[in-house]
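# Structural overview
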Amino acid sequence: MSPFKVPKIKKPEIPKGLDPAILEKVKELIDTIAGHLAEDEDASLGEIIEDEVKGKIHEKVMEQIEPQLDNDIIKKLTDKAVEKAIDKAWDKIKEKIAKKAAEEE
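Conventions we followed
Residues numbered from 1 in each chain as written. Predicted model: local features only at pLDDT ≥ 70, side-chain atom pairs only at ≥ 80, totals over all residues. Heavy atoms only, no water. Salt bridge = Lys/Arg side-chain N within 4 Å of Asp/Glu carboxyl O. Helix = DSSP H or I, 4+ residues; strand = E, 2+ residues; numbered from the N terminus. Buried < 20%, exposed > 50% of the residue type's maximum accessible area, 1.4 Å probe, protein only. Contact = heavy atoms within 4.5 Å.

Moving on to the pattern of salt bridges. Under the definition given, this model contains six salt bridges. Measuring nitrogen to oxygen at the nearest pair gives 3.8 Å for the salt bridge that ties aspartate 31 to lysine 92. Highlighted residues: aspartate 31 in helix α1 (residues 20-39) and lysine 92 in helix α3 (residues 72-104), separated in sequence by 61 residues. Assessed through its relative accessible area of 34%, aspartate 31 is described here as partly exposed. A salt bridge links glutamate 52 to lysine 56, with the shortest nitrogen-to-oxygen separation between them at 3.7 Å.

Next up, the structure:
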């Protein structure tokens, strides 16, 4: 047995206390926007890297959902929830990107 302790990686958790309708809208927007990015003809494979894709999805989700949020605390919680929801959905997003890469080859 190894003397080193391997840290357990925690799954990202979405902050509690947000309206379930907002959280559902976040999930829908992530799926929709990730699909659009995966289908984007102008995006080169070199541009599609994890941080950039996550950043674009985050930005577009917040652009659409922010007008529905009425105070800064809710905006910050939602911002964090969007970030965590993208992390949770990342495997599906990578599949969409891989599918696009396979179609381009």
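From this point on, the discussion continues.
Take the environment of lysine 75 next. Tracing the chain through its elements places lysine 75 in helix α3. Sequence separation of lysine 75 and methionine 62 is 13 residues, and the distance between their C-alpha atoms is 8.9 Å. Apart from the residues lying within four places of it in its own chain, the contact partners of lysine 75 are Met62, Glu66 and Leu69.

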